[in-house]
Each structure stands twice: as structure tokens, then as C-alpha cells.
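Tertiary structure, described
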Amino acid sequence: MIMIDIRTFSKRFMLWTAIIVAVIIAALGLLFGKVVEATLAEEIGKWVVMGIFIIGIFEVFAYILAPFFYHLIHDKKK
């Protein structure tokens, strides 16, 4: 296993968290979204802003949990 430093691991963890959350939000919007705004552009804008806000919340959790997962995966048991 290649050892990476905690900073690189945290960046990758946060990046993949954002990608996964964005895909889930897009899928939910396409499958269950209803047009309630006046135009389609307003509806898309609403979903984009909502997605950015939700991704931001998940990024805070990813930032807090990344060091825990790094030590869980990369630290050797003594």
C-alpha cells in the first residue's frame, strides 16, 4: 500500500465526497424533481444553489472525519 500524507488523503476524501453528493443530488433532481418555479432556468438555478449548499454541509463533515479515516486506514496497529 502506498503511504500518502494526511493532507493529500484529506483533499481526496473531500473531493470524492463532493462528487458523490453531487451525483446523488442530480439523480434525485432528475428522478423526483418537479418544476415549481416559473421557468426551467429558475428551477435549475434553485437545484444548483441547493446542491452547493448541501455539498458544503457534507464537506464540513468530510473535513472533520478525514483525519479519523486516515488514521483508521494508514496507521499500523501496535
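Here's a quick rundown of the structure. As the structure is a computational prediction, the values presented were derived from the model and not from experiment.

As for the packing of helix H1 (residues 6-32) against helix H2 (residues 40-74)
Relative to each other, H1 and H2 sit at 145°, their axes nearing to 7 Å. Like other packed secondary-structure pairs, H1 and H2 cross with a definite hand, here right-handed. Along the lines of polarity and charge, the residues of the contact of H1 with H2 split into 20 nonpolar, six polar and one charged.

Comments concerning the pattern of salt bridges
Taken as a whole and judged by the stated rule, the model has two salt bridges. The partner of Lys46 in a salt bridge is Glu37, with the nearest N and O atoms 3.9 Å apart. Take Glu37: its relative accessible area is 32%, and that puts it in the partly exposed class. Residue Lys46 pairs with Glu43 through a salt bridge whose shortest N-O separation is 3.1 Å. Taken together, the residues span about one helical turn, with Lys46 and Glu43 both in helix H2 at a distance of three residues. For Lys46, a relative accessible area of 31% puts it in the partly exposed group. For Glu43, a relative accessible area of 5% translates into the label buried. Several salt bridges converge on common partners, so that one network encompasses Glu37, Glu43 and Lys46.

Reading the values: rules and limits
- Residues numbered from 1 in each chain as written.
- Predicted model: local features only at pLDDT ≥ 70, side-chain atom pairs only at ≥ 80, totals over all residues.
- Heavy atoms only, no water.
- Axes fitted to C-alpha atoms, helices over the stretch in contact; angles between N-to-C directions.
- Helix = DSSP H or I, 4+ residues; strand = E, 2+ residues; numbered from the N terminus.
- Left-handed = near helix turned anticlockwise from the far one by under 90°.
- Nonpolar A, V, L, I, M, F, W, Y, C, P; charged D, E, K, R; others polar.
- Salt bridge = Lys/Arg side-chain N within 4 Å of Asp/Glu carboxyl O.
- Buried < 20%, exposed > 50% of the residue type's maximum accessible area, 1.4 Å probe, protein only.

Spatial relationships are all this shows, so hold off on functional conclusions.
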